Amino acid sequence: MAKIHTVASNIKGSPDWYKRLFAWMMAHGNAKYEEEIADRKRALFAQLHGNVLEIGPGTGPNLSYYPSDIHWIGIEPNPFMHPYLQQEAERLGLEIDLRSGDAEHLEVEDNSMDAVVSTLVLCSVNNLAAVLQEVIRVLKPGGCFFFLEHVAAPQGTMLRRIQHGIKPLWKTLGDGCHPDRETWLALENAGFEQVDYQHFRANLPAIVSPQIIGVAVKKL
């Protein structure tokens, strides 16, 4: 049985009914994507160890890829995600430290994490640059940031124009999601020692099909 430690915080923004609905959709609507992306996630998380912080873990789709001997902390701002995540941790027999909060202000000590994980999260944060600085702050020197994110389509393409045009509606329906965010550029400019990633297309609605996966390393 997993032991769950929760830290309360005030979550602002969307009304509770929307947050509850969004959590339900994440828990029940991503099976096809998770099946498709499983090999990529398995390879990405193969070397995780030590203290691991996951920002926006949602309903816990990444937990099954983690070794049982890590110390996992998750910071999830939507409290209605927590029961789904707790249930998944218990199913896997993992002890987790689940907290409420936001990625722009991580309540984690400086230089304390061996790894930080983010999957399909950076599209919806309010201040991407601030989040990446927080990631760098909490990582130990030489620590790694593992990411898998949907991103903007190439400049000048029809899909990029569609992403840009639909963004106001998409942000409303998708819990603040920016479909045309050039996340790879933000990663390259954040101040990591090294950023390695690849672009690929996922079998998803075209708006969110362009994705990147990779690892960024903090300076020693």
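Residues numbered from 1 in each chain as written. Predicted model: local features only at pLDDT ≥ 70, side-chain atom pairs only at ≥ 80, totals over all residues. Heavy atoms only, no water.

Points about the overall build of the chain
Of the regular secondary structure elements, the chain holds six helices and eight strands. Principal-axis analysis of the C-alpha atoms gives the chain an extent of 50 × 45 × 35 Å. Across the 220 residues of the chain, 48% fall into the buried class. A fraction of 72% describes how many contacts in the chain between residues 6 or more apart in sequence connect residues 24 or more apart. Counting every atom, the chain has about 11,000 Å² of accessible surface; 53% of that belongs to carbon and sulfur. (Helix = DSSP H or I, 4+ residues; strand = E, 2+ residues; numbered from the N terminus. Buried < 20%, exposed > 50% of the residue type's maximum accessible area, 1.4 Å probe, protein only. Contact = heavy atoms within 4.5 Å. Areas by Shrake-Rupley, 256 points an atom, 1.4 Å probe, with all protein chains shown as cover.)

Some thoughts on the UniProt feature "domain: Methyltransferase type" (unreviewed entry) in the chain
Under the UniProt annotation, the feature "domain: Methyltransferase type" (unreviewed entry) is placed at residues 53-147. With 23% helix and 29% strand, residues 53-147 has end C-alpha atoms that lie 12 Å from one another. (UniProt positions renumbered as here; feature names shortened; annotations may be inferred.)

Topic: the confidence of the model for the chain
Summarising the model, the chain shows a mean pLDDT of 91, and 94% of its residues fall at 70 or more. Per-residue pLDDT stays below 50 along residues 1-12; that stretch engages in 29 contacts with residues further than four places along the chain or on separate chains. (pLDDT = per-residue confidence, 0-100.)

Focus: the pairing of strand β3 (residues 71-75)
Side-chain positions along a regular strand alternate between the two faces of the sheet. Among the five residues in β3, four count as buried, and that is most of the element. Where strand β2 (residues 51-55) meets β3, five bridges bridge the pair, whose relative direction is parallel. Bridging across to β3, E54 finds its partner in G74. For β3 and strand β4 (residues 96-99), the ladder comprises four bridges, and the chain directions are parallel. For I73, the partnering residue across the bridge sits in β4 and is D97. Of the crossover connections in this fold, the one passing from β3 over helix α3 (residues 82-92) to the parallel β4 is right-handed. (Pairing = 2+ DSSP bridges. Right-handed = clockwise from strand over helix to strand, strands pointing away.)

Considering the pairing of strand β8 (residues 210-217)
With six of its eight residues buried, β8 lies for the most part within the structure. In this structure, strand β6 (residues 139-150) lies alongside β8, joined through seven bridges in antiparallel fashion. Each residue of the ladder has a partner; that of F146, found in β8, is V215. Inspection of the sheet shows strand β7 (residues 194-201) paired to β8 by eight bridges, in the antiparallel sense.

What to know about the pattern of salt bridges
Any two side chains of opposite charge can pair, given that their charged atoms come close. Under the counting rule described, the total for this entry stands at 10 salt bridges. Notably, a salt bridge pairs K19 with D16, separated by 3.6 Å at the nearest N-O pair. Remark: D16 and K19 occur in helix α1 (residues 16-28); sequence separation between them is three residues, near one turn of the helix. On the basis of relative accessibility, which here comes to 7%, the residue K19 falls in the buried class. Here K167 ties to D180 by a salt bridge, and the two come within 3.5 Å at their closest N and O atoms. Residue K167 is located in helix α5 (residues 158-173), and its partner D180 is located in the loop between α5 and α6 (183-189); the two are separated by 13 residues in the primary sequence. Among the residues examined, D180 registers a relative accessible area of 12% and is labelled buried. Through salt bridges with shared partners, one network takes in D110, E134 and R137. (Salt bridge = Lys/Arg side-chain N within 4 Å of Asp/Glu carboxyl O.)

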